[in-house]
Amino acid sequence: MSLSTRSVLTEATEVGTIPSSLAAGDADGVGPTGRPRPTFATPAPLDHHGPARILALCNQKGGVGKTTSTINLGAALAEAGRRVLLVDFDPQGALSVGLGVNPLQLDRTVYNLLMEAHVDVHDVMLKTSVPGMDLLPSNIDLSAAEVQLVNEVAREQTLARVLAPVLDDYDIVLVDCQPSLGLLTVNALTAAHGVIIPLECEFFALRGVALLIQTIEKVRERLNPQLELEGILATMYDARTLHGREVLARVVEAFGDRVFHTVINRTVRFPETTVAGEPITTYASSSAGAKAYRELAMEVLAR
Ligand SMILES: Nc1ncnc2c1ncn2[C@@H]1O[C@H](COP(=O)(O)OP(=O)(O)OP(=O)(O)O)[C@@H](O)[C@H]1O
Ligand SMILES: [Mg+2]
């Protein structure tokens, strides 16, 4: 699908009746998105790594599952033998916290990497508890970059420039964006090959998505012609409620095949993992949530 905004998006908060084919799920191999659920083959092991595909997890709406998806998709990709780099691109530092890092005790963060020419990406990089998955952490310092970058030459390309030296070491880079469409997010979109948009399955899920799609289109036209909409990820889904099923149906109506077959259910296990400071794939390895992010990893690798 092209990125062109469908008119349905502007009115998408009005959830109407849905076709019965979309409402049920699971019968006859039909997944929660109302489409036949394909099986994604386990990807073959790699004999070498890189160059990395950069994916930005982006939605200016807060609390939709960007950070949770970055951590757990990353961990699932690493489990599948991919070398993964996570970039905390939010001054809140939630990605760093979710991986057990105290953002206030960091000497160097993504802020230093962006703003100081002598700082190398390896000076900032941390190993995580997940083998094969590294982290570029952030803390509140990054909020100053939004303002300071304005005066830089090629300000939108700063993240792309600092990541370039390590792209051959990784298979996937996931950038956890902050809930805004400001200069940091534009940097993430300029560096990325694809965008994953997490959407929480609740009434206002699609509010603001038209503006996000417009921003992605503008970045693609002006700064980064390779940028694609990788997929829409439905999160915090509750199949037991008609409301949840209706919202998911509306998302599929708006975005069609761009919606990942994998849907992330709402479960308290995710907030628990943040407290534990590790991904769900290790914290509760056999849970439904861990399984869902492993399926998403297979789907991302198949795209
Ligand atoms: N599938 C889920 N089920 C239940 N809770 C979830 C789920 N996914 C995320 N959460 C919880 O919802 C809250 C918001 O999630 P998260 O931090 O991932 O969103 P975000 O989009 O990164 O937020 P922000 O815009 O503030 O960066 C967190 O407390 C998280 O633990
Ligand atoms: Mg976040």
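Before reading on, note that the structure itself is shown above.
The structure reproduced in this document is the subject of the present report. Owing to the predicted nature of the structure, the values given are computational and were not obtained by experimental measurement.

Describing the overall build of the protein chain
Next, step 1: Check the secondary structure of the protein chain and you find 13 helices and seven strands.
Next, step 2: Over its C-alpha trace the protein chain gives a radius of gyration of 19 Å, about what one expects of a compact globule, namely 19 Å for 303 residues.
Next, step 3: Within the protein chain, buried positions represent 47% of all 303 residues.
Next, step 4: Across the protein chain, every contact between residues at least 6 apart in sequence was considered, and the portion connecting residues at least 24 apart equals 80%.

Topic: the site of ligand 1
Next, step 1: Surrounding ligand 1, one finds 18 residues, the nearest of these being Gly62, Lys66, Thr67, Thr68 and Pro179.
Next, step 2: Where the shell around ligand 1 is concerned, the elements lending two or more residues are helix H2 (66-79) and helix H11 (269-276).
Next, step 3: Across the shell around ligand 1, the residue classes tally to seven nonpolar, eight polar and three charged.

Considering the pairing of strand E4 (residues 133-136)
Next, step 1: Of the two faces of E4, both are covered, the one formed by Met133 and Leu135 as well as the one formed by Asp134 and Leu136.
Next, step 2: Pairing analysis gives four bridges linking strand E2 (residues 84-89) to E4, with the strands arranged parallel. Bridged to Val87 within E4 is Leu136.
Next, step 3: As defined by bridge partners, strand E3 (residues 126-127) adjoins E4 across two bridges and the pair is classed as antiparallel. Within E4, the position partnered with Lys127 by the bridge is Asp134.
Next, step 4: Hairpin connection from E3 to E4: five residues lie between these consecutive antiparallel strands, with Gly132 at a positive phi of about 90°.

Focus on unusual backbone geometry
Next, step 1: Here the amide bond leading from Gly50 into Pro51 is cis, since omega sits at -10°, within 30 degrees of zero.
Next, step 2: Positionally, Pro51 belongs in the loop between helix H1 (20-23) and strand E1 (53-57).
Next, step 3: Here Ala154, not a glycine, exhibits a phi torsion of approximately 55°, which is positive.
Next, step 4: Relative to the helices and strands, Ala154 is located in the loop between helix H6 (142-148) and helix H7 (158-163).
Next, step 5: Even without a glycine there, the phi angle at Met236 is positive, about 50°.
Next, step 6: Looking at where Met236 falls in the secondary structure, it is placed in the loop between strand E7 (228-235) and helix H10 (242-255).

Observations concerning the pairing of E1
Next, step 1: Counting buried residues along E1, four of its five residues qualify, which places the element largely inside the surrounding structure.
Next, step 2: With five bridges connecting them, E1 and strand E5 (residues 172-177) associate as parallel partners. In the strand pairing of E5, Ala56 is matched with Val175.
Next, step 3: Two strands pair when backbone bridges link them, and E1 and strand E6 (residues 194-200) are joined in this way by three bridges, in the parallel orientation. Residue Leu57 lies in a different strand from E6, and its bridge partner there is Ile196.

What to know about the nonpolar core
Next, step 1: By size, the foremost hydrophobic cluster in this structure holds 88 residues, and its most contacted members are Val175, Ala188, Ala234 and Val251.
Next, step 2: Top element by residues in this core is H10. It accounts for seven residues.
Next, step 3: Residues in contact with Val175, not counting those within four places in the same chain, are Ile54, Ala56, Leu57, Val87, Phe89, Ala188, Ala191 and Ala192.

Overview of helix H9 (residues 209-222)
Next, step 1: Relative to the 20 Å expected for 14 residues at 1.5 Å per residue, H9 spans 20 Å between its end C-alpha atoms, a close match to the ideal helical length.
Next, step 2: Here the buried face of H9 lies against helix H8 (183-191), E6 and E7.

With respect to the environment of Val268
Next, step 1: Among the structural elements, Val268 can be located in the loop between H10 and H11.
Next, step 2: A tally of 8 C-beta atoms within 10 Å means that Val268 is categorised as exposed.
Next, step 3: Sequence separation of Val268 and Leu229 is 39 residues, and the distance between their C-alpha atoms is 29 Å.

Conventions we followed
Residues numbered from 1 in each chain as written. Chains lettered and ligands numbered in written order. Predicted model: local features only at pLDDT ≥ 70, side-chain atom pairs only at ≥ 80, totals over all residues. Helix = DSSP H or I, 4+ residues; strand = E, 2+ residues; numbered from the N terminus. Rg over C-alpha atoms; globule rule 2.2 N^0.38 Å. Buried ≥ 20, exposed ≤ 12 C-beta atoms within 10 Å, placed from the backbone. Contact = placed C-beta atoms within 7 Å. Near = placed C-beta within 6 Å. Nonpolar A, V, L, I, M, F, W, Y, C, P; charged D, E, K, R; others polar. Pairing = 2+ DSSP bridges. Core = buried A, V, L, I, M, F, W, Y, C linked by C-beta atoms within 7 Å. Expected span 1.5 Å × (residues − 1).

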